Amino acid sequence: MLIRITPGDPAATRLGAGAELEAIEALRKQLKLDVSPIEQFLSYASGLFRGDLGVSLVTDVEVLEVIRNTLPLTLTYIFLSVFFAFLISIPISTLVGWSNKASVVYLFRGITSVIIATPNFFIAMIGILLFSVRREWAPVFGYVNDFPENLKYLWLPVSINTLILVAIISRVLQSSIVDTKGEEFVETGIIRGVSRPRFFLFYILKPSMAPTVVLLSYMMGIMLGATVILETIFSLPGIGRELVGAVLASDYPMVQGILLFFGVITVFLSFIGDLCAYALDRRVKL
Amino acid sequence: MKTINTAANVQTRRQRLKEWVSLPGGFGIITGISMFLTIVLIGVIHPFISAYEPDEFVGESFQPPSWQHPFGLDQLGRDVMTRTFAAVPADIGVAFLGVSIPLVIGTLIGILLGLAKNKYFVSLVSSIIDGINAFPLLIIAIAMISFLGPGLYNVVIILTIMNWARYARIARTKAVVVLQQNYIEAAQLMGYSKKRIIFKHVTPNVSSESLAYALSDFILVIIIVSGLSFLGLAARPPAAEWGAMIADGRTYLGDAWWITIFPGVALCWSAIALSFIVEGLSRRDKGN
């Protein structure tokens, strides 16, 4: 709503510098920017109920259409990173959590805190320098929307995202495993002679996963931020790059639409996260 | 006699320091503090001793690191070392403002909220706080920049608007506990004014937790300030700022890695220094 009452005139931006005043005025009428902000908000809100997020001021494409086109890539990207992150961090944190060696734990915490403190765009720069410039294993940027072809463009951004997620997830999981180890049912499991895989899966991992899954909404915030930056760096045509472009072009309907969408995703996923945590550990209160 | 006395004093002080370091987390805290002080000191001293101005064109573009220009020259022939160190106030200074202003405002609001009696008022403000906290910070910052316009001061404003809520949450939780303590009741019985009780008795006891969170928030804020600048949404191009410099060097990564890497290393250095302090303090807190 506030975005409406802002400096920066999209009509002027769209026609470029040196456009004539009459032309700007005409375009403002056409884009319905000449009515009061309150009227603009009311017509936007009523459109929202009909599933109409408005039309981009810059490209004249419907916002919903843009979201529909860019979202699959972003979702693929996020789900791939989350999947690999869990795949890697579960064994690491189980090993570190199970070994009582102080040196291993210090090393683990040191490395993960360095990764978390390093900004993702700098990790991306180093990644590009090592794998694209020096080795040419990955293209510097760009994207092709074909199945086997696109992996070539996706693997570097996905692995950078995975690296950051592994650091976050494995820290939480490790400390939660250390907590679980002290529980009485773990002792009972050892005494009853439960088989090794069953012991680690059901006695250690399952109860330890709950705090990690609750973190999902927090991680989602980080993921969306990381997506915005990494998509911009690697020129992936996802929703994050669209947002930055819309902000720079003061394309209000686009910014509003994408933000609204992000808000819905965040709320929805934190709800799913709470549900999963409850399924994993019934002591968690909903 | 006097000299022996000082020597003994130094000895005990050194011993005390040694003891303090040997406590859990001491090594991390010392390393972190010295790393952080180094970069801040360089940032403060640098303008007085540097041979070049951050915006000065000192030679041919894309000169690799040499003795004369240890970090090389960038695409416009500016000294990368001068620019990297000149960016300290832009990054650490802005991040410091972006942490300390919300810290003060949020803690005060939190304490007042802990004192407030009106149930509806408390639940209204609490739900506003929860609502603000639910949003991913970077995304909301990007959105707010679209109507405030790019700029480092706008980033401070945005951080103030968004971040006070976290401090208010922490302070309120703690204030509710502190207000039930006997010493608060004692202070009330002594007839101290409400103002004095809030500032002299409640605030010091509440602020320890807020300060601990502020330290870890500092890392996040440094990353957000530089990340926004990297996207071209905070510091604008001619300004020396790490994120903006990394974005500048991105195009020339293949031929001139030094434009990107040195500001990046400075950025990581500060963030990692802070995270060592946070890590050390949390280990000391847990006592292992």
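For clarity, every value in this text was computed on a predicted model and none was experimentally measured.

1. Structural notes on the overall build of chain B
Assigned secondary structure in chain B consists of eleven helices and zero strands. Counted from the first residue to the last, chain B has its helices and strands arranged as α-α-α-α-α-α-α-α-α-α-α. Considered along the principal axes of its C-alpha atoms, chain B spans approximately 75 × 70 × 35 Å. For chain B, the residues scored as buried account for 48% of the 288 residues in total. In chain B, 70% of the contacts between residues at least 6 apart in sequence involve partners at least 24 apart.

2. Considerations on the packing of helix H6 (residues 120-134) of chain A against helix H10 (residues 242-250) of chain B
Here H6(A) crosses H10(B) at 25°, and the two axes come no closer than 11 Å. Considered as vectors, H6(A) and H10(B) are oriented roughly parallel to each other. Like other packed secondary-structure pairs, H6(A) and H10(B) cross with a definite hand, here left-handed. Touching A:Phe121, A:Phe122 and A:Met125 of H6(A) are B:Gly243, B:Ile246 and B:Arg250, all from H10(B). Considered class by class, the residues forming the contact of H6(A) with H10(B) number four nonpolar, one polar and one charged.

3. With respect to a nonpolar patch on the surface
All names here are of chain B. On the surface, a cluster of nonpolar side chains totalling about 460 Å² of accessible area is made up of Leu97, Ile101, Val104, Ile105, Leu108 and Phe199. Top contributing element to the nonpolar patch by residue count: helix H4 (residues 88-115), with five residues. Mapping Ile101 onto the fold places it in helix H4.

4. A word on the nonpolar core
A:Ile233, A:Phe234, A:Leu243, B:Ile142, B:Leu228 and B:Trp242 are the most contacted members of the largest nonpolar core, which has 128 residues in total. Sorting elements by how many residues they give to this core places helix H7 (residues 147-181) of chain A first, with eleven residues. Core analysis: the next-biggest nonpolar cluster, separate from the first, contains ten residues, B:Ala175, B:Val178, B:Ala187 and B:Val206 among them.

5. A short note on the UniProt feature "domain: ABC transmembrane type-1" (unreviewed entry) in chain B
In the numbering used here, UniProt assigns the "domain: ABC transmembrane type-1" (unreviewed entry) feature to residues 88-278 of chain B. For residues 88-278 of chain B, the end-to-end C-alpha separation is 21 Å, with 83% helix and 0% strand making up the annotated structure.

Calculation criteria
- Residues numbered from 1 in each chain as written.
- Chains lettered and ligands numbered in written order.
- Predicted model: local features only at pLDDT ≥ 70, side-chain atom pairs only at ≥ 80, totals over all residues.
- Heavy atoms only, no water.
- Helix = DSSP H or I, 4+ residues; strand = E, 2+ residues; numbered from the N terminus.
- Buried < 20%, exposed > 50% of the residue type's maximum accessible area, 1.4 Å probe, protein only.
- Contact = heavy atoms within 4.5 Å.
- Axes fitted to C-alpha atoms, helices over the stretch in contact; angles between N-to-C directions.
- Parallel < 35°, antiparallel > 145°, perpendicular 65-115°, else oblique.
- Left-handed = near helix turned anticlockwise from the far one by under 90°.
- Nonpolar A, V, L, I, M, F, W, Y, C, P; charged D, E, K, R; others polar.
- Patch = residues over 30% accessible without salt bridge, like charges linked within 9 Å, V, L, I, M, F, W, Y side chains within 5 Å.
- Areas by Shrake-Rupley, 256 points an atom, 1.4 Å probe, with all protein chains shown as cover.
- Salt bridge = Lys/Arg side-chain N within 4 Å of Asp/Glu carboxyl O.
- Core = buried A, V, L, I, M, F, W, Y, C linked by side-chain atoms within 4.5 Å.
- UniProt positions renumbered as here; feature names shortened; annotations may be inferred.

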